[in-house]
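What the coordinates show
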Amino acid sequence: MKKIFILIISLLFLFAMVACSNESSSNTNKNDSKSNKNKKQNTPQDTVNIVMWSAPDTFNPYFSQGNYGKYAGGELVLDTLLDYDPNFNYTHALAKGYTISDDGLIYTFKLDENATWHDGEPFTAADVAFTFKSIMDPEWTGTGYVNLSLVKGAKEYKEGKAEDVPGIQIVNDHTIKVTLVSPYAPFLEALGKGLWILPEHAFANVKPADMATADFSKNPIGTGPVKFVKYATDQYVEYEANDKYFLGAPQFTKLILRIMTPDLALAAFEAGEIHATTRTGIGTINITDHKKIQELPNVNVTVFDTMSYQTMTVNTTKPYLSNKKVRKAIMYAIDRKAIVEQLLQGKGKIAYGPIAEESPWFNKNLPTYEYDPKQAKKLLEEAGWDFSRELQLSVPKGNLIRERSAPLIQQYLQDIGMKVKLEFMDFPTLMNLMEKQELDMALLGTSTGMVDPDSNIYPFFNSSQLRPTGWNTASFKDSKIDELLEAGAVETDQSKRKQIYDEVQEIAVDELPYIYLYYEQSIGAVSKDLKNAVPNQVGIEWNIYDWTFNE
């Protein structure tokens, strides 16, 4: 986590330098390991098998309800303008460089001329403009708008009051200019993660309202390192290497993303059928299997810190859960230290709020809610809790540690007199019911993969329509938080931003629409047959074109 801390400070320093420079240029690292077009390419050799715990619900990442579809259809098939290396430095992706105006409003991106779509069509600035405008369309039902909401004209276009977006300007086939209405501190980060560029020609005659169900959702076309071939439902996704990948052709022939539970993955590693884990929260090794995977002679194991944490979402629209004293009682009732020490075997930390304590944005003065069942009972009585009421705690299948934490949490709550029923279900079903506000509480993992406080807090707490998101699973509304979040997004003075997000965290941890549980370390595994693949926080596939097989 120290690396993450250092990186965040570096990013903030970079932004400050940009804001005060004259037409400053912030090109990606010239020594970027992704700029490998001129390196000697080996002959592709074999098939790489990687693992993911659950099936994708769609291959259009903007319409996926979880990270499985985002990974299978986004990270592997598509590209963003910028990307990260394992130390969270920006790297060359579809944009090979960029400049930012001295007032922080105009971003000009130079696109890679060598990028092409998997079907052979050229990639151009028109595809970027198409993607951004689709996301801004009034009929768009997917994610992404929050990252583009401060683009000049985006709001008017989203509300159907304008026919175009003046803030998006195609300069030429490989240059696009984006103008904001006000400085937006995390804009580069927002572009770097989660805004995959879609092929305009693949959506010919498809309205934004219909993009979720277009053929692309089943047969994606991208610019990424592998090409989609087929999906065997609930079994695997097959890809072939993109030998024309603009960042360097992969050294293998085929990639198979196998869908299997963590216990089956462990057995598959032992049998030599799997080459690598994938990402935190969707395809790593269970902490309980750490010793077993370490004992396998054919596997290299990596344990690394993450920014992913587990929460219990509370449906604040339910009258009996709307009193924050009830939510505080739940927080006091759970022995999070015991969960970390016993269930996580010490490979994790207690989560105290929506920002990791290693981050410079973390408010050190937050209440810690140490385990105190007596205080929990007292708060329930003060809130007038009906002890005959039975609550439902919904648990998505797939994450074994989370599944095992559910009966422990159930018992902690029963110890203070709350009746709790567990219900296990697949992730898409859970999210659908949560969106309909039908569930009481649900165990969910949270991580944006980003480091800016706006990115890590806004999606889960925003209730305004200025930059709407669909991630506020608690259906929480607080006008003060909305006001502070909008102020924090445009504030470029870092000390003032810190004060804003300190106050946001104070409200969040006082209201507790989310019960903060724990951060867990991830355990990545790679077969010794596969070289240059190293599990890390940003995703093992960041240098997928460098993977090779041992002779």
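Here the structure is a predicted model, which is why all the values come from computation and not from measurement. Numbering of residues starts from 1 in each chain and follows the order in which that chain's sequence is written. Per-residue local features of the predicted model are confined to residues with pLDDT of at least 70, and side-chain atom pairs are confined, for both listing and counting, to 80 or more; whole-chain, interface and lining totals are unaffected and use all residues. Excluding hydrogens and water, the side-chain figures rest on all heavy atoms present in the structure.

1. Brief notes about the confidence of the model for the protein chain
Note on scores: pLDDT gives the predictor's confidence for each residue, bounded by 0 and 100. Confidence in the prediction of the protein chain, expressed as mean pLDDT, is 88, and 90% of residues score 70 or more. Low pLDDT, under 50, characterises residues 1–43; the stretch is placed with 85 contacts to residues that sit more than four places away or in other chains. Here, two residues are considered to be in contact whenever any of their heavy atoms come within 4.5 Å of each other.

2. Side note on the packing of aromatic side chains
Any two of the Phe, Tyr and Trp rings considered here, Trp counted by its six-membered ring, make a pair once their centres fall within 6.5 Å; the pair's planes then place it as stacked at under 30 degrees, edge-to-face at over 60, or tilted in between. What the rule picks out here adds up to 24 aromatic pairs. Seen from their ring centres, Tyr107 and Phe109 are 6.4 Å apart, and the 15° between their planes marks the pair as stacked. Note on classification: 1.4 Å probe, protein chains only; a residue is buried when its accessible area is under 20% of the maximum for its type, exposed when over 50%, partly exposed between these limits. By relative accessible area, which is 0% here, Phe109 ends up buried. Centre to centre, the rings of Phe228 and Tyr239 are 6.4 Å apart; their planes meet at 80°, and the pair counts as edge-to-face. Of this pair, Phe228 sits in strand β8 (residues 226–232) while Tyr239 sits in strand β9 (residues 236–241), and the two are eleven residues apart along the sequence. A single burial state applies to Phe228 and to Tyr239, both of which are buried. As a reminder, the over-ring test applies to NZ of lysine and CZ of arginine, requiring each to be within 6 Å of the ring centre and within 35 degrees of the ring normal. Across the ring face of Tyr145, the terminal group of Lys158 is positioned such that the distance to the ring centre comes to 5.0 Å. By the criteria applied, helices consist of DSSP H or I runs no shorter than four residues and strands consist of E runs no shorter than two, each listed in order from the N terminus.

3. Observations regarding the pairing of β9
Most of β9 sits inside the fold, with five of its six residues counted as buried. Between β8 and β9, which follow one another and run antiparallel, lie three residues, and Asp234 among them has a positive phi close to 65°. One ladder, built from five bridges, connects β9 with strand β10 (residues 254–259); its direction is antiparallel. Each residue of the ladder has a partner; that of Tyr239, found in β10, is Leu255. If DSSP finds at least two bridges between two strands, the strands pair.

4. Remarks on the packing of helix α15 (residues 479–490) against helix α16 (residues 494–511)
Convention adopted: a line fitted to C-alpha atoms gives each axis, helices being fitted over their contacting stretch, and angles between N-to-C directions are expressed from 0 to 180 degrees. Contact geometry for α15 and α16: axes closest at 9 Å, N-to-C directions at 155°. With respect to α16, the element α15 is oriented roughly antiparallel. With respect to the hand of their crossing, α15 and α16 are arranged in left-handed fashion. Two secondary-structure elements touch here, α15 through Lys480, Ile481, Leu484, Leu485, Ala487, Gly488 and Ala489 and α16 through Arg497, Ile500, Tyr501, Glu503, Val504, Ile507 and Ala508. Polar here means any residue other than Ala, Val, Leu, Ile, Met, Phe, Trp, Tyr, Cys and Pro, which are nonpolar, and Asp, Glu, Lys and Arg, which are charged; Gly is therefore polar. Here the residues of the contact of α15 with α16 sort into ten nonpolar, one polar and three charged. Throughout this description, any angle smaller than 35 degrees is read as roughly parallel, any larger than 145 degrees as roughly antiparallel, any in the 65 to 115 degree range as roughly perpendicular, and the remainder as oblique. Here is the rule for handedness: rotate from the far helix to the near one, and if that takes an anticlockwise turn smaller than a right angle the crossing is left-handed, while a clockwise turn gives right-handed.

5. Quick notes on the sheet that holds strand β6 (residues 168–172)
The strand order across the open sheet formed by four strands is β4-β5-β7-β6, and the pairing between neighbours is antiparallel. In this open sheet, the two edge strands, each paired with only one partner strand, are β4 (95–100) and β6. On average, each strand axis in the sheet is tilted by 20° relative to the strand beside it, whichever way the strands run. Those strands touched by helix α3 (residues 125–136) are β5 (106–111), β6 and β7 (175–179), and its axis lies near 175° from that of β6.

6. What to know about the sheet that holds strand β1 (residues 47–52)
Spatial ordering of the open sheet is given by β1-β10-β9-β8, a layout of four strands whose pairing is mixed. Single-partner strands in this sheet number two, and they are β1 and β8. For this sheet the average axis-to-axis angle between neighbouring strands, irrespective of direction, equals 20°. Looking at chain direction, β8 and β9 are connected through six bridges and run antiparallel. Considered in β9, the bridge of Lys227 is made with Glu240. Sitting on the sheet, helix α2 (residues 67–75) touches β1, β9 and β10, and the angle it makes with β1 is about 165°.

7. Focus on the pairing of β7
Buried residues dominate β7, accounting for four of its five residues. In the sheet, β5 pairs with β7 via five bridges, with the strands oriented antiparallel. From the neighbouring strand, Lys110 faces β7, where its bridge partner is Thr175. Both β6 and β7 contribute to a ladder of four bridges, which runs antiparallel. Its bridge partner being in β7, Ile168 is matched across the sheet by Val178. From the end of β6 to the start of β7, which pair antiparallel, there are two residues.

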